[in-house]
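Chain by chain, the residues:
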Amino acid sequence: MAHITVEEVEHVAQLARLRFSKDELEEFTNQLDAILRFVGKLESLDTEGVEPTYRAIEIVNCFREDVVKPSLPIEEVTANAPESEEGAFVVPRII
Amino acid sequence: MKDVLDMGISELRNAMDEGKVSAQELTTQYLDRIEAVDKKVRAYVTVTEEVALSQAKAADEMIKKGKAGPLTGIPLGIKDVICTKGIPTTCSSRMLKDFRPPFNATVMERLAEQGAVMLGKLNMDEFAMGSSTENSAFFETRNPWDLDRIPGGSSGGSAAAVAARMCVASLGSDTGGSIRQPASHCGVVGLKPTYGLVSRYGLVAFASSLDQIGPLTRSVEDAALLLEAVAGHDSRDSTSLPRPVPPFAKACRQAMEGLRVGIPKEYFIDGVQEEVVGSIRQALRVMQDMGAELVDISLPHTEYAIATYYIIATAEASSNLSRYDGVKYGFRAKDYSNLMDMYKETRAQGFGPEVKRRIMLGTYCLSAGYYDAFYKKASQVRTLIVDDFKKAFKECDVIAAPVAPTTAFKIGEKVNDPLKMYLSDIFTIPVNLAGIPGLSLPCGFDQNGLPIGLQLMAGHLQEEILFTAASNLEKGLGLNNRWPDLT
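Residues numbered from 1 in each chain as written. Chains lettered and ligands numbered in written order. Predicted model: local features only at pLDDT ≥ 70, side-chain atom pairs only at ≥ 80, totals over all residues. Heavy atoms only, no water.

Caption draft 1: Structural context of the overall build of chain B. The secondary structure content of chain B amounts to 16 helices and 11 strands. What you see for chain B is a C-alpha radius of gyration of 21 Å, in line with the 23 Å of a compact globule of 487 residues. Overall size of chain B, expressed as C-alpha extent along the three principal axes, is 65 × 55 × 45 Å. Taking all contacts inside chain B whose residues are at least 6 apart in sequence as the whole, residues at least 24 apart take part in 77%. A total accessible area of about 15800 Å² is found for chain B, and carbon and sulfur atoms account for 48% of it. With 53 positive and 58 negative side-chain charges, chain B shows a separation of 4 Å between the mean positions of the two kinds. (Helix = DSSP H or I, 4+ residues; strand = E, 2+ residues; numbered from the N terminus. Rg over C-alpha atoms; globule rule 2.2 N^0.38 Å. Contact = heavy atoms within 4.5 Å. Areas by Shrake-Rupley, 256 points an atom, 1.4 Å probe, with all protein chains shown as cover. Lys, Arg positive; Asp, Glu negative; His and termini not counted. Charge placed at Lys NZ, Arg CZ, Asp CG, Glu CD.)

See the structure below:
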């Protein structure tokens, strides 16, 4: 099973929008490697033709009536934002 | 009159309805108790004294008008992963330290309608990731039976507060054992209901196909009453089951004559503390004496459950936790050079190591080239685990097993070895993967005086069988009313 390298951990950190120091990267690489080796034990099981389970209950397409209801007030929603202005979230300039 | 702090929900109901104690007096007593012992246990992240007293006042009005429901005026603690309008809901994370939800979780709405009282929000492993509550970004919670030990996790605050009599009962959440394992370590009752029985609306998501809210209480009947109050269909949760709530408390009064109790050989393996096995075997004999029939069963894929879980749960978590980007709510890093940098700095500073580890593992398992080998494979093995239970429940009505391989371990003992920590969830994880209900019940103490828990599992929506079996066993064991003193 997979042996994970520091470079791969860096790549995954980029995908996950995380940042690690050099020491953290090494520690995470070792820990993730141990965990991946452990979960690799699933490889030994034959699952040919077994349907995957994504939900543990038998329930599909739970519809409800489409009724117009009040939404949360904008001021209350933006009150938790680190920065907001005129009912909008403010983010760093991107262009 | 008996000390009100020792009373269960129905005793308190009678006492309040008969005017022997008011909801306000009861709430004040609990607030005083928190004041007196929480500096030792540290279960509460936030004590909501003002809210509690005003809710208690309203509860007294309801009682006076004869409009009291089972939970009116009952002081409860709430795991800090459940959204409470205008009240900090931190998930014990730096990321949500100042987050005040603009809405209430469905379970909170239901408790409020009944006139229940909220004493405060309880500590947990950050974002419910952990088995010891040591991953809280704020502080460790201590086991009321031995302050040098962990209370279990992730609902460690919820279990410790109930055991230390700092609330009548509490709500926790269970993704891989996070209600049952701390309940076991703190000597209280904990139930992870069938997936879909309790609405997840307003429960901060960890792994959406596994998460479920449930009660932690000092008796089986209290668990039944609290579950009755919060369960039931909710159109705001698409996985909520459209089905009436059965009378769970009534099920506590049924006899267990003829009940078939399955004993899975895969749960009685090397590495399980001898006293844990001994105590559970003793409890099984009690069940047999009370008319239950013991059946040997097998759940052959148990050994693959942890690996399956840590792929599925982390994959779902990596997606769920992508919402913490420093834009809409929560923490944002102070210094950054551009948008990407803001995301990374915010998440690097806002999340603790275990949360990062799980986001990384989940992201890896879902990334290009690895999806089939990890996520799909794990989802297939999940089917095998589901099928194990289906087969087993043809031979028995309820399964009995340990909750955790050992009693509560020492603070710091496993915190630097994530894999070792994960292995302590071996007996609780299969229940979440299969979506079935599982209940943890105190069944004895080890030589250090630490509580031991017995786990009962049943098929989908078979909570009534669990309550019947558990309440009979609780009576048969007669362990009730032994609580740590702490004063």
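Caption draft 2: How the structure looks around the state of the cysteines. Residue and element names in this part refer to chain B. Counting across every chain of the model gives zero disulfides over all chains. As a non-bridged cysteine, cysteine 91 has cysteine 83 as the owner of its nearest cysteine sulfur, 7.3 Å distant. Unpaired in terms of disulfides, cysteine 443 finds its nearest cysteine sulfur in cysteine 186, a separation of 15 Å. (Disulfide = S-S within 2.5 Å.)

Caption draft 3: Up close: the pairing of strand β9 (residues 398–402) of chain B. Residue and element names in this part refer to chain B. Across the five residues that make up β9, a large majority, five, are buried. For strand β7 (residues 260–264) and β9, the ladder comprises two bridges, and the chain directions are parallel. By the bridge assignment for β9, glycine 262 is matched with isoleucine 399. The pairing of β9 with strand β11 (residues 451–457) spans four bridges and is classified as antiparallel. Residue pairing across strands places alanine 401 opposite glutamine 455, the latter belonging to β11. (Buried < 20%, exposed > 50% of the residue type's maximum accessible area, 1.4 Å probe, protein only. Pairing = 2+ DSSP bridges.)

Caption draft 4: Expanded view of the pattern of salt bridges. All names here are of chain B. Counted according to the given criterion, the structure contains 22 salt bridges over all chains. Measuring nitrogen to oxygen at the nearest pair gives 3.2 Å for the salt bridge that ties aspartate 17 to arginine 13. Of the two residues, aspartate 17 and arginine 13 are both situated in helix α1 (residues 9–17); the distance of four residues between them amounts to about one turn of the helix. Accessibility expressed as a relative area gives 10% for arginine 13, which makes it buried. Ionic pairing is found between arginine 357 and glutamate 354, a salt bridge with its closest N-O pair at 2.7 Å. Highlighted residues: arginine 357 and glutamate 354, both in helix α12 (residues 353–366), separated by three residues, approximately one helical turn. (Salt bridge = Lys/Arg side-chain N within 4 Å of Asp/Glu carboxyl O.)

Caption draft 5: Looking closely at the sheet that holds strand β5 (residues 189–192) of chain B. Residue and element names in this part refer to chain B. Here 11 strands make up an open sheet; going across it, the order is β1-β3-β2-β4-β6-β5-β10-β11-β9-β7-β8 and the pairing mixed. In the strand order of this sheet, the two ends are held by β1 (44–47) and β8 (293–297), each with one partner. Ignoring strand direction, the axes of neighbouring strands in this sheet form an average angle of 30°. Pairing of strand β10 (residues 438–445) with β11, which is carried by seven bridges, proceeds in the antiparallel orientation. (Axes fitted to C-alpha atoms, helices over the stretch in contact; angles between N-to-C directions.)

Caption draft 6: Representation of the interface of chain B and chain A. Taken together, the contact between chain B and chain A spans 74 residues of the former and 53 residues of the latter. Regarding the contact of chain B and chain A, the summed buried area is about 5500 Å², with carbon and sulfur atoms giving 69% of it. In terms of surface lost to chain A, no three residues of chain B exceed Lys344(B), Met360(B) and Tyr364(B), which account for 13% of the buried area on that side. The interface formed by chain B and chain A contains four salt bridges. Of the charged contacts in the structure, one is a salt bridge between Glu345(B) and Arg19(A), with a shortest N-O distance of 2.7 Å. Where chain B meets chain A, there are 20 residue pairs in polar contact (both at pLDDT 80 or more). Put simply, the parts of the chain that give the side of chain B that touches chain A at least two residues each are α10 (305–320), α11 (339–350), α12, α13 (372–395), α14 (418–423) and α15 (429–434) of chain B. Its residues placed into classes, the side of chain B that touches chain A shows 39 nonpolar, 19 polar and 16 charged. (Buried area = accessible area lost by both parts, 1.4 Å probe. Polar contact = N/O pair within 3.5 Å; in protein donor to acceptor, adjacent residues only side chain to side chain. Nonpolar A, V, L, I, M, F, W, Y, C, P; charged D, E, K, R; others polar.)

Caption draft 7: Region of the structure containing the packing of aromatic side chains. All names here are of chain B. Scanning all chains against the criterion turns up 18 aromatic pairs over all chains. Seen in terms of ring centroids, tyrosine 267 and phenylalanine 427 are 5.1 Å apart; in terms of plane orientation they differ by 25°. Their pairing is stacked. Pair noted here: tyrosine 267 is in the loop between β7 and α9 (274–289) and phenylalanine 427 is in the loop between α14 and α15, with a separation of 160 residues, a long-range link. Per residue, the accessibility class of tyrosine 267 equals that of phenylalanine 427, and both read buried. Judged by centre distance (6.1 Å) and plane angle (70°), the ring pair of tyrosine 324 and tyrosine 329 falls under edge-to-face. For tyrosine 324, a relative accessible area of 3% gives the class buried. Overall, tyrosine 329 belongs to the partly exposed group, its relative accessible area being 22%. Members of the aromatic cluster, each reached through a chain of ring pairs, are Phe99, Phe127, Tyr324, Tyr329 and Phe351. A cation over a ring is seen here: arginine 42 above phenylalanine 139, with NZ or CZ 4.3 Å from the ring centre. Positioned above the aromatic ring of phenylalanine 268 is the side chain of arginine 281, whose terminal nitrogen or guanidinium carbon lies 4.5 Å from the ring centre. (Phe/Tyr/Trp six-rings, centres within 6.5 Å; stacked < 30°, edge-to-face > 60°. Lys NZ or Arg CZ within 6 Å of the ring centre and 35° of its normal.)

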